[in-house]
Amino acid sequence: MFRRLFVSAALLATAALASGCGTSHRLGEVSLDGRRVAVTAAIPPAPRVQAGSPLESGIDPYDPIGTAVRIGTAGAKRRAARRAQARLDSVVATVDVADRVARQALAGSARALGFGTAARPETADFVLDLRIADYALVADSFEGAVFFVLAGEARLLDARTGAPLWTAELSEREVVDRALFGLPVAVGNVITGRALSDLSAEEMATGLGRLADLAAERIVGRLVRDYNGSRDDYRKQ
């Protein structure tokens with residue numbers, strides 16, 4: 001349905017993310033009513049897992065015993081995170097995350113904004129171009145809450161000229177609850193870094209699908225908000 005290019009996940013530089021920033025557009029110049037939109041995507045095939053801070057394995061020459069404990073503990077946490085990543089990677093074959101993000105983003109935008117979808121950019125009036133640099137499950141500490149992190153860019157392009165009509169930086173961070181992985185609600189209802197490392201492959205598969213849907217929802221929300229906000233400018237033309 002769309003052209004796809006996988007790219008490697010890039011590490012985020014900071015944990016302070018603010019959704020809704022970095023948007024520029026010329027949506028007031030166009031109408032999507034009755035038009036056809038295709039999707040292209042460059043999305044990592046699976047999210048990365050980070051459980052625990054690198055600072056936890058720091059060396060303190062004035063506290064050799066504490067350093068040894070921290071290094072040993074941090075090593076165990078990294079091994080647990082690697083096991084979680086391995087299980088995530090093993091279920092990628094059953095859940096095509098990149099395909100699901102792109103399809104859901106296009107379908108959700110079409111439902112909300114009333115345009116038709118095209119199978120290929122060549123047959124479309126516009127192209128929704130998704131460039132996801134990183135999406136991840138991040139626990140700042142092994143016993144702390146796991147966050148869903150999304151970073152990248154979404155653009156709406158003129159299919160004929162390739163000119164960008166809308167560009168939005170995607171920068172999201174929010175706490176992941178147990179329901180994302182199909183788990184029953186518990187006290188606190190959050191997944192910790194330790195709990196993440198203990199998830200089964202089946203639970204990981206459930207989470208992968210829902211993470212893809214969550215990423216798509218964020219993209220749709222940004223486009224719908226900006227497009228609807230541009231309608232006054234369009235009507236003034």
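Residues numbered from 1 in each chain as written. Predicted model: local features only at pLDDT ≥ 70, side-chain atom pairs only at ≥ 80, totals over all residues. Heavy atoms only, no water.

Chemist: Pulling in residues and values, what's your account of the packing of helix α2 (residues 97–113) against helix α4 (residues 201–229)?
Modeler: At a minimum axis separation of 8 Å, α2 and α4 run at an interaxial angle of 35°. The handedness of the crossing between α2 and α4 is right-handed. Contacts between α2 and α4 pair V97, R100, V101, Q104, A105, G108, S109, A112 and L113 from the former with L208, G209, A212, D213, A215, A216, I219, V220, L223, V224, Y227 and N228 from the latter. Of the residues assigned to the contact of α2 with α4, the class counts are 14 nonpolar, 5 polar and 2 charged. (Axes fitted to C-alpha atoms, helices over the stretch in contact; angles between N-to-C directions. Helix = DSSP H or I, 4+ residues; strand = E, 2+ residues; numbered from the N terminus. Left-handed = near helix turned anticlockwise from the far one by under 90°. Contact = heavy atoms within 4.5 Å. Nonpolar A, V, L, I, M, F, W, Y, C, P; charged D, E, K, R; others polar.)

Chemist: So what's going on with the confidence of the model for the protein? Residues and values would help.
Modeler: The share of residues in the protein with pLDDT of 70 or more is 73%, and the mean pLDDT across the chain is 75. Here strand β1 (residues 3–4) is the element of the protein with the lowest mean pLDDT, 37, and strand β5 (residues 116–117) is the one with the highest, 97. Predicted confidence for residues 1–20 stays below pLDDT 50, and this span has 57 contacts to residues more than four positions away or in other chains. Every residue in residues 53–73 scores below 50 in pLDDT, and together they form 18 contacts with partners more than four places removed in sequence or on other chains. (pLDDT = per-residue confidence, 0-100.)

Chemist: With reference to specific residues and values, describe the environment of L211.
Modeler: With respect to the element layout, L211 can be found in helix α4. Placed 110 residues apart in sequence, L211 and V101 show a C-alpha to C-alpha distance of 8.7 Å. Contact partners of L211, with chain neighbours within four places excluded, come to P47, L137, F148 and L180.

Chemist: If you had to explain α2 to someone new, which residues and values would you point to?
Modeler: If you check α2, its first and last C-alpha atoms are 24 Å apart, about what 17 residues at 1.5 Å a residue would give, namely 24 Å. Within the span of α2, buried status applies to V97, A98, D99, V101, A102, A105, L106, G108, S109, A110 and L113. At the exit of α2 stands G114, carrying a positive phi of roughly 80°. (Expected span 1.5 Å × (residues − 1). Buried < 20%, exposed > 50% of the residue type's maximum accessible area, 1.4 Å probe, protein only.)

Chemist: Account for the packing of aromatic side chains, naming residues and giving values.
Modeler: In this structure the tally under the stated criterion is 0 aromatic pairs. Looking at R231, its charged tip hangs above the ring of Y227, at a distance of 3.8 Å from the centre. (Phe/Tyr/Trp six-rings, centres within 6.5 Å; stacked < 30°, edge-to-face > 60°. Lys NZ or Arg CZ within 6 Å of the ring centre and 35° of its normal.)

Chemist: Run through the environment of I219, naming residues and quoting values.
Modeler: Considering the arrangement of structural elements, one finds I219 in helix α4. Expressed as a C-alpha distance, the spacing of I219 and E169, which sit 50 residues apart in the sequence, is 9.7 Å. Setting aside chain neighbours within four positions, we find I219 in contact with V101, A105, L130, I132, A154, W166 and L170.

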